[in-house]
Amino acid sequence: MTSFNESLLRNRAYVGGEWVPAISGATFDVRNPATNELVGTVPHMAPEDVEHAIAQAQRAFGEWSARSANERAEPLKAWAQLIVLHAADLAAILTREQGKPLADAKNEVLFAASFVEWFAQEARRTYGDVIPATRRDTSFTTVKEPIGVAAGITPWNLPCAMVTRKAAPALAAGCTMVLKPAEHTPLSALALCALAERAGIPPGVLNVVTAERSAAEAIGRTLSTSASVGKLSFTGSTAVGKLLLAQCAGTMKRVSLELGGNSPFIVFADADLDIAVSSALFAKFRNAGQTCIAPNRFLVEDSVHDAFVERMLAAMHTLKAGDGMDPDVTLGPVISEDAVKKIERHIANALDRGATLVAGGKRVHREGYFFEPTLLTGITADMAMSCEETFGPVMGLATFSSERELIERANATRMGLASYLFTRDASRVHRVSHALQAGIVGVNTGMIATEVAPFGGYKESGIGREGAREGIDEFMETKFICQAFAA
Ligand code: NAP
């Protein structure tokens, strides 16, 4: 098993540049979903702790936002470098609290660093405009300004990358931030703070408050109703996103929401099946199927269905399940007992309605929340797994026979995050990728997330974009300066 630098494993929250307990003194335990071992104990905070963090972020805002973009970029660059330098240590913490295999955790850490590095550079490109004025004695200009204190709420499935995908653009824009990571994964967020502190990010600029699920609603309400918070950036379920959006209305907060998906994975008969299969293996089984962009509905053209299933089964046999700290493991556990139960419910529902189980289908009876890599065929639109994210290592296949039918079925969901399209026909790529109602289309690839391109969803998959130049705009206001002068 891999060892790691314990100094990044913190047992206190990070507020105003100090490592603090909860005001109440309460704590909660973080356990490894593969082994149930205790990984750490952190403060169980409440709205009063959050109010304090907001006040610290407000205090820090003046100096931080007054800095030049270069001056903000310097500590951000140092933070990115430290994340890369400590990638193995961060990965070990991530794997132990979240379960994903160590190599995947390391990739996530490097992905997390890429946001910090990218936005350190983007800070210098938050250009305004000089607009040709409609009057001779007046100049028209726009400038971009940071919104103020930003709040971030992040999920457990990407415990490092979701933190930096919010914190880096916020800080680069000149905002300060109060961030609440998920109950299951506070340790990665705190480890990132330890490196932010070392990188010279000033006290109060980045604050992380930790809490168990019982306080999530109250903390969310505090962050979304505080008049001192100008922006809320949330990643998580659509249900919670809708609740937060409604709560933010009272203070007219700027809101970005990265929510759930229900991504179609489309394989046309002319696709390179080897590429489709290896992409499906990566996109579906990475993180044990627990990513918002995981394909959730496999739509395969009739004539290649059997060949696709045969090759997919062979590929799935290469997966090795187990504790992610074992370097040979490629499939970790799911996050909790509730996650196992949801997968079981989806499979039972599909089988009741006539689907066929081709592989897997059961939880693995050992310590931890493991589920067999599972393949079902004969999935129909009325089954639970067509309507909701399964969030597990389960593939459900349906067939289609025409492009028109395919587009209708792919778009028959209120979600619109990612979609995947496999075909060799360039005209079809053009037609179908434009017809898909999704924020991201992967064509002949399962790797679609990068810091340089906008990430976000159509319809109920969210509002706004993260990453890319759009990502920093989400933390800025545009001010129009209309200046009259003596002619
Ligand atoms: P979740 O239940 O919505 O939780 C996400 C975060 O919100 C956690 O920090 C959670 O705290 C907190 N939370 C829970 N209830 C809350 C409430 N009433 N008010 C305020 N905050 C609350 O989502 P999840 O099941 O953990 O995460 C998986 C979801 O995230 C999936 O739907 C996935 O698709 C989505 N996701 C989307 C993206 C994207 O970019 N679009 C990326 C990753 C994940 P606790 O942990 O304490 O409950």
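Shown above is the structure to which this text applies.
Below: a short report on this structure.

### Remarks on the overall build of the protein chain
Reasoning step 1: In terms of regular secondary structure, the protein chain is built from 15 helices and 22 strands.
Reasoning step 2: The globule rule puts the C-alpha radius of gyration for 487 residues at 23 Å, and the 23 Å found for the protein chain is close to it.
Reasoning step 3: In terms of principal-axis extent, the alpha carbons of the protein chain reach across some 75 × 60 × 40 Å.
Reasoning step 4: The buried share of the protein chain, taken over its 487 residues, is 58%.
Reasoning step 5: In the protein chain, the share of contacts with a sequence separation of at least 24, taken over all contacts with a separation of at least 6, comes to 74%.
Reasoning step 6: As presented, the protein chain carries roughly 19,000 Å² of accessible surface, and 52% of it is formed by carbon and sulfur atoms.
Reasoning step 7: Here the protein chain holds 47 positive side-chain charges and 54 negative ones, and the gap between their average locations is 4 Å.

### Points about unusual backbone geometry
Negative phi is the rule for most residues except glycine; trans is the rule for most peptide bonds.
Reasoning step 1: Notably, asparagine 444 is not glycine yet its phi reads approximately 60°, a positive angle.
Reasoning step 2: Along the chain, asparagine 444 turns up in the loop between strand E19 (440-443) and strand E20 (458-459).
Reasoning step 3: Notably, lysine 459 is not glycine yet its phi reads approximately 50°, a positive angle.

### Some remarks on helix H6 (residues 186-198)
Reasoning step 1: With 13 residues, H6 ought to run about 18 Å at 1.5 Å a step, and its terminal C-alpha atoms sit 19 Å apart, in line with that.
Reasoning step 2: By the criterion of burial, H6 is predominantly enclosed, with 11 of the 13 residues buried.
Reasoning step 3: Those residues of H6 lying buried are Pro186, Leu187, Ser188, Ala189, Leu190, Ala191, Leu192, Cys193, Ala194, Leu195 and Ala196.
Reasoning step 4: Two residues or fewer past H6, glycine 200 is found with a positive phi of approximately 95°.

### Points about the pairing of strand E12 (residues 263-267)
Reasoning step 1: Across the five residues that make up E12, a large majority, five, are buried.
Reasoning step 2: Across the two faces of E12 the burial is the same, with Ser263, Phe265 and Val267 and Pro264 and Ile266 all buried.
Reasoning step 3: In this sheet, strand E13 (residues 295-301) lies alongside E12 in parallel orientation, the contact comprising five bridges. Looking at the pairing, valine 267 lines up with valine 300 of E13.
Reasoning step 4: Between the parallel elements E12 and E13, the chain passes through helix H9 (residues 273-285) in a crossover that is right-handed.
Reasoning step 5: In this sheet, strand E18 (residues 418-422) lies alongside E12 in parallel orientation, the contact comprising three bridges. Looking at the pairing, valine 267 lines up with phenylalanine 422 of E18.

Thresholds applied
- Residues numbered from 1 in each chain as written.
- Predicted model: local features only at pLDDT ≥ 70, side-chain atom pairs only at ≥ 80, totals over all residues.
- Heavy atoms only, no water.
- Helix = DSSP H or I, 4+ residues; strand = E, 2+ residues; numbered from the N terminus.
- Rg over C-alpha atoms; globule rule 2.2 N^0.38 Å.
- Buried < 20%, exposed > 50% of the residue type's maximum accessible area, 1.4 Å probe, protein only.
- Contact = heavy atoms within 4.5 Å.
- Areas by Shrake-Rupley, 256 points an atom, 1.4 Å probe, with all protein chains shown as cover.
- Lys, Arg positive; Asp, Glu negative; His and termini not counted.
- Charge placed at Lys NZ, Arg CZ, Asp CG, Glu CD.
- Expected span 1.5 Å × (residues − 1).
- Pairing = 2+ DSSP bridges.
- Right-handed = clockwise from strand over helix to strand, strands pointing away.

Treat this as a map of the structure, not an account of what it does.
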